[in-house]
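Analysis of the macromolecular model
The residues making up each chain are set out below.
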Amino acid sequence: MRNPNSRFIIAVDQGTTSTRVALFDLQGDLIAFHQECFSQIRPQPSWHEQDPEELYNSVTNSLDKCLNKFLEQGFRKDQITCLGVTNQRETTIAWDSTSGRPLYNATVWGDTRTKDMVTAAKKRHTHDDVVHKTGLPISTYSSALKLCWMLENVPAVKEAYQEGRLVFGTLDSWLIYKLNGGSERDLVVTDSTNASRTGFMDLSTRQYDRELLEFYTTPQYDLSRVRMPSIHPSADPVAYGSVRGGSLDGIPITGCVGDQSAALIGHRGFSVGSAKATYGTGCFCVYNTGSKIFDRQHGLLSTIAYDFGSEMAYALEGSIATAGSGVSFLVDNMGLAPNAAGISALADSVSDSGGVVFVTAFSGLFAPYWIDDARGTVFGITMKTQRGHIARAVLEAVCYQTKAAFDAALAYDDGLMLKTLNVDGGMSQSNNCMQLQADILGVDIVRPKMCEITALGACFTAGLGARIWNDTKEVDQIDLANNPEILRARRSDISGHEAFITWQKAVKMSRGWLSCC
Ligand code: ADP
């Protein structure tokens, strides 16, 4: 029997490869879901773009379809209390404030066209101050140089700048602007988790900083003339407006949060030392450091874990470029198995990697190593090497890099420790990979049964904004419909330790390949 008084929260998870919309009840149970893909535009090898209108359409289509699946179960639309948005971070959109139309494709976070601008920016004498203020390295990732590139190279963007019509935003700002009715309501907003990835925000004040705005541009541009989204806490009852038009007309938008923060929130990682790893295409590790901001010195970056206004926390974050994509490589390019689960089974068919170490540096190695000039390298192949050993070595590579990322996090302060690791993402479905991860880290792995953890984080955030829950303590006390599984760490033995040392040696040996050929 459906309870006519039950309330629900709808969450948009706008990711790099797909848009997901998930509808939850207040016990975090997934009631309805829809997922849609969109075009990936790659005009040149290192460029990666998406069409902002297509992204928005994928959101409205997914909202409609998810709503229909919900209504088909006998529920009513007025039982949906609020909406939360979570999104791929850093991806940059420039639009026209008068027409409300995009002026160029969205430049996706992984696009590296600003490589030379990064090199030039690193030579400026205020470079260290900028890293300190933002918690970020100067890199092609953050939105700042993506916007500067558009200003210098896209005539429509330049013209809008000159005429005072240029709006800059990340995906959250764009979607919330459009959901609110675009230029008519003209709501240009973001939250601090997203703003912290632009390169323009001071981590300690959680506001834009004049020095940062000046650092990125050439003297001919003044970024204070570009309209930037106003920064708000991720949970807010009014700042993000409400849906105007369409099937969800009138629903208040009360949550807005970047995807990695959303995953931590979805795991309810609200205490210092809570950690999560999302094993999707790449692996994103986040470690909650509470009120402490650490300088970038051990290969991780500092960011906002979450910001609910009265409660906020910082985090250390490490991104690993290759995780599930390494598994997909073995399926699609090497044909080792028909699908990802087959690779996991193949890896399980052997007791170890037979001495094979695969440094999966397909596009260099990210956190905590930051080696640009390495490429994928396999060590230790003998005439006895079988397909299972290669599959296992790819899974091990992800687990070793995850260990290296968390070792780096703990190196920031003597008081930090890792008690358990919360996991999610496609690759976390592999039992043997997650058991391997538990053994390599020496900590238990907590794996929720419900996979849409990022969307659940957006749901919790929206619920906090709508005052369904008053604080993180109340979210923590929710009796979840599905308890997570625990994979216990088997006592780490000396051979495990040696294997990690061997991995570190392989990483060292893979360095420099591009520069030596
Ligand atoms: P994203 O959100 O980055 O697109 P997902 O969280 O959907 O990624 O995860 C997809 C990735 O997970 C794929 O790259 C796939 O190879 C990997 N994957 C999915 N199932 C398994 C499995 N059972 N074992 C190992 N890897 C898996």
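Residues numbered from 1 in each chain as written. Predicted model: local features only at pLDDT ≥ 70, side-chain atom pairs only at ≥ 80, totals over all residues. Heavy atoms only, no water.

1. Let's talk about the overall build of the protein chain
- Regarding its fold elements, the protein chain presents 16 helices and 22 strands.
- A globule of 517 residues ought to have a C-alpha radius of gyration of about 24 Å, and the protein chain, at 23 Å, matches this closely.
- Judged by the C-alpha coordinates and their principal axes, the protein chain covers about 70 × 65 × 45 Å.
- Out of the 517 residues in the protein chain, the part that is buried amounts to 59%.
- Taking the 47 positively charged and 56 negatively charged side chains of the protein chain as two groups, their mean positions are separated by 3 Å. (Helix = DSSP H or I, 4+ residues; strand = E, 2+ residues; numbered from the N terminus. Rg over C-alpha atoms; globule rule 2.2 N^0.38 Å. Buried < 20%, exposed > 50% of the residue type's maximum accessible area, 1.4 Å probe, protein only. Lys, Arg positive; Asp, Glu negative; His and termini not counted. Charge placed at Lys NZ, Arg CZ, Asp CG, Glu CD.)

2. Describing the sheet that holds strand 1 (residues 8-14)
- The five strands lie next to each other as 3-2-1-5-13, forming an open sheet whose pairing is mixed. Only two strands of the sheet have a single neighbouring strand rather than two, namely strand 3 (30-37) and strand 13 (253-258). In this sheet, neighbouring strand axes are inclined to one another by 15 degrees on average, regardless of whether the strands run parallel or antiparallel.
- Bridge count for strand 1 against strand 5 (residues 80-87) is seven bridges, and the pairing is parallel. By the bridge assignment, I10 is partnered in strand 5 with L83.
- Against the sheet, helix 1 (residues 52-71) makes contact with strand 1, strand 2 (18-25), strand 3 and strand 5, and its axis sits at roughly 150 degrees relative to strand 3, the strand it touches most.
- Most of the contacts of helix 6 (residues 171-179) go to strand 13, to which it runs at about 160 degrees, and overall it touches strand 1, strand 5 and strand 13. (Pairing = 2+ DSSP bridges. Axes fitted to C-alpha atoms, helices over the stretch in contact; angles between N-to-C directions. Contact = heavy atoms within 4.5 Å.)

3. A few points about the packing of aromatic side chains
- Scanning the entire structure with this criterion turns up 25 aromatic pairs.
- Among the aromatic residues, ring-to-ring pairing joins W109, Y141, F284, F366 and W370 into one connected group.
- The ring of W47 has R113 sitting right over it, with the charged end atom 3.7 Å from the ring centre.
- Taking NZ or CZ as reference, K403 lies 4.9 Å from the ring centre of F500, over its face. (Phe/Tyr/Trp six-rings, centres within 6.5 Å; stacked < 30°, edge-to-face > 60°. Lys NZ or Arg CZ within 6 Å of the ring centre and 35° of its normal.)

4. Quick look at the nonpolar core
- Counting residues in each nonpolar core, the largest one holds 62 residues, and the members touching the most others are Y279, Y287, I343, F406, L421, M427 and W503.
- Those residues in contact with Y287 that sit more than four places away from it in its chain are G273, S274, A275, Y314, A315, L316, F406, A409, L410, L416, M417 and L418.
- Formed by 38 residues, the second largest nonpolar core is a distinct cluster that contains L23, A239, L248 and I251. (Core = buried A, V, L, I, M, F, W, Y, C linked by side-chain atoms within 4.5 Å.)

5. Some remarks on the UniProt feature "domain: Carbohydrate kinase FGGY N-terminal" (unreviewed entry) in the protein chain
- According to UniProt, the feature "domain: Carbohydrate kinase FGGY N-terminal" (unreviewed entry) maps to residues 9-266 in the numbering used here.
- Between the end C-alpha atoms of residues 9-266 the distance is 14 Å, and the span holds 32% helix and 23% strand. (UniProt positions renumbered as here; feature names shortened; annotations may be inferred.)

6. Looking at the packing of helix 11 (residues 340-348) against helix 12 (residues 387-410)
- Interaxial distance between helix 11 and helix 12 falls to 7 Å at its minimum, and their mutual angle equals 110 degrees. The angle between the axes of helix 11 and helix 12 places the two elements in the roughly perpendicular class. Contacts between helix 11 and helix 12 pair I343, S344, L346 and A347 from the former with R387, G388, A391, R392 and L395 from the latter. (Parallel < 35°, antiparallel > 145°, perpendicular 65-115°, else oblique.)

7. So, the site of the ligand
- Around the ligand, 15 residues are found, and the nearest of them are T17, T281, G324, S328 and G426.
- In the environment of the ligand, an oxygen atom lies 3.0 Å from a nitrogen or oxygen atom belonging to the side chain of S328.
- Note that an oxygen atom of the ligand is positioned 2.9 Å from one of the backbone N or O atoms of G426.
- For the shell around the ligand, the elements supplying multiple residues, two or more each, are helix 10 (324-332) and helix 11.
- Top element by residues in the shell around the ligand is helix 10. It accounts for four residues.
- When the residues that make up the shell around the ligand are grouped by side-chain class, the tally is four nonpolar, 10 polar and one charged. (Near = heavy atom within 4 Å. Polar contact = N/O pair within 3.5 Å; in protein donor to acceptor, adjacent residues only side chain to side chain. Nonpolar A, V, L, I, M, F, W, Y, C, P; charged D, E, K, R; others polar.)

8. Observations regarding the sheet that holds strand 14 (residues 275-279)
- The sheet built from seven strands is open, its strands ordered 16-17-15-14-20-21-22 with mixed pairing. The outermost strands of the open sheet, each flanked by one partner alone, are strand 16 (301-307) and strand 22 (485-487). Pairs of neighbouring strands in the sheet enclose a mean axial angle of 30 degrees, with direction left out of account.
- Pairing analysis gives seven bridges linking strand 15 (residues 283-290) to strand 17 (residues 312-320), with the strands arranged antiparallel. Within strand 17, the position partnered with C285 by the bridge is G318.
- Strands in contact with helix 9 (residues 259-266) are strand 14, strand 15, strand 16, strand 17 and strand 20 (420-424); relative to strand 14, the strand with the most contacts, it is inclined by about 120 degrees.

9. Looking at the pairing of strand 14
- Taken across its five residues, strand 14 has five buried, putting it largely inside the fold.
- By the alternation rule, side chains of strand 14 split into A275, A277 and Y279 and K276 and T278, which are all buried.
- The sheet contact formed by strand 14 and strand 15 spans five bridges and is antiparallel. Looking at the pairing, Y279 lines up with C283 of strand 15.
- Hairpin connection between strand 14 and strand 15: a loop of three residues separates the two successive antiparallel strands.

10. Quick look at unusual backbone geometry
- Along the chain, A367 connects to P368 via a cis peptide bond; the corresponding omega equals -10 degrees.
- In this structure, P368 sits in the loop between strand 18 (357-359) and strand 19 (377-379).
- Notably, R206 is not glycine yet its phi reads approximately 60 degrees, a positive angle.
- For R206, the position within the fold is in the loop between strand 10 (201-202) and strand 11 (207-208).
- If you check the backbone angles, R268 has positive phi at about 60 degrees while not being a glycine.
- Counting through the fold element by element, R268 comes out in the loop between helix 9 and strand 14.
- A relative accessible area of 19% places R268 in the buried class.

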